[in-house]
Amino acid sequence: MPFTTLPSGALWSLLLMLLTFGTVQADSTAEVERVLSDIRQDQPLPRLDYLHPVAPINPGCAAFEGRYGAVAIQVETHPDSPRVASLLLQIPGPDQTRALLPAVSRALGPPHSQDRRQSVYGWDWPDYRTASLHYVHGGSSAPGLTIVSLFYR
């Protein structure tokens, strides 16, 4: 069916859906950039209204969870230290790796490895530090997740 013969309600619905997706993607990019600037690996975790303490997985560590807009956040500190050891960001929905890559690169530098076809970008530094930006497909009833992670191997 040609675009001009769509009923006006369908046309407006399609336009609204496209604009909403673009807005959600733009918001996620700004949200990820904000979180990556607020929470820096190996720096003390600042007090942030969007994080709350949870039971830690590792002994001697502190753990926090929260949400900043559409971004779910998990943080764990080094043992017996307020310094951030790991950071996990999860954004539900379609693959947003390419949209998020500029924001993540501004925080971490350009990726050290990438597979654009698989939506996987990676960073490795000395002293076992690593990071990734990748997409995990969802199941039949669950949305996929775009993941940003910083951790020690």
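Residues numbered from 1 in each chain as written. Predicted model: local features only at pLDDT ≥ 70, side-chain atom pairs only at ≥ 80, totals over all residues. Heavy atoms only, no water.

Moving on, we get to the overall build of the protein chain. For the protein chain, the count of helices and strands is two helices and eight strands. When its helices and strands are written in sequence order, the protein chain yields α-β-β-β-β-α-β-β-β-β. Expressed as a percentage of the 153 residues in the protein chain, the buried residues total 37%. Within the protein chain, contacts between residues at least 6 apart in sequence are counted, and of these 41% link residues at least 24 apart. Of the roughly 9,200 Å² of accessible surface on the protein chain, 59% is carried by carbon and sulfur atoms. (Helix = DSSP H or I, 4+ residues; strand = E, 2+ residues; numbered from the N terminus. Buried < 20%, exposed > 50% of the residue type's maximum accessible area, 1.4 Å probe, protein only. Contact = heavy atoms within 4.5 Å. Areas by Shrake-Rupley, 256 points an atom, 1.4 Å probe, with all protein chains shown as cover.)

Among the nonpolar cores identified, the biggest contains 27 residues, and Val32, Leu36, Ile39, Ile73, Leu89 and Trp123 are the most heavily contacted of them. Those elements that provide at least two residues to this core are α1 (8-38), β3 (71-77), β4 (84-92), α2 (97-108), β6 (120-124), β7 (129-136) and β8 (145-152). Take this core: its biggest share by element is five residues, from α2. (Core = buried A, V, L, I, M, F, W, Y, C linked by side-chain atoms within 4.5 Å.)

Now for the sheet that holds β3. Spatially, β1-β2-β3-β4-β8-β7-β6-β5 is the arrangement adopted by the eight strands of the open sheet, whose pairing is antiparallel. At either end of the open sheet lies a strand with only one pairing partner, and these are β1 (51-54) and β5 (113-115). Averaged over all adjacent pairs, the angle separating strand axes in this sheet is 15 degrees, with direction ignored. In terms of strand pairing, β6 meets β7 through five bridges, oriented antiparallel. In the strand pairing of β7, Tyr121 is matched with Leu133. (Pairing = 2+ DSSP bridges. Axes fitted to C-alpha atoms, helices over the stretch in contact; angles between N-to-C directions.)

What follows deals with the pattern of salt bridges. In the structure shown here, the tally under the stated rule is four salt bridges. In this structure, the salt-bridge partner of Asp38 is Arg34, at a minimum N-O distance of 3.0 Å. You can see Asp38 and its partner Arg34 sitting in helix α1, four residues apart, about one turn around the helix. Under the relative-accessibility criterion, Asp38 is labelled buried at 19%. Arg34 gets classed as partly exposed once you look at its relative accessible area, which sits at 39%. A salt bridge links Asp42 to Arg83; its shortest N-O distance comes to 3.8 Å. Here Arg83 lies in the loop between β3 and β4 and Asp42 lies in the loop between α1 and β1, a separation of 41 residues in the sequence. Residues joined in a network through salt bridges with shared partners are Asp42, Arg83 and Arg129. (Salt bridge = Lys/Arg side-chain N within 4 Å of Asp/Glu carboxyl O.)

Moving on, we come to the packing of aromatic side chains. In the structure shown here, the tally under the stated rule is one aromatic pair. On the numbers, 4.9 Å between centres and 55 degrees between planes, the contact of Tyr50 with Tyr68 is tilted. Taken together, the positions of Tyr50 in the loop between α1 and β1 and Tyr68 in strand β2 (residues 63-68) put the pair 18 residues apart, joining distant regions of the chain. A relative accessible area of 23% places Tyr68 in the partly exposed class. A cation sits over an aromatic face here: Arg129 above Trp125, 4.6 Å from the ring centre. (Phe/Tyr/Trp six-rings, centres within 6.5 Å; stacked < 30°, edge-to-face > 60°. Lys NZ or Arg CZ within 6 Å of the ring centre and 35° of its normal.)

Purely spatial values, then, with no claim about function.
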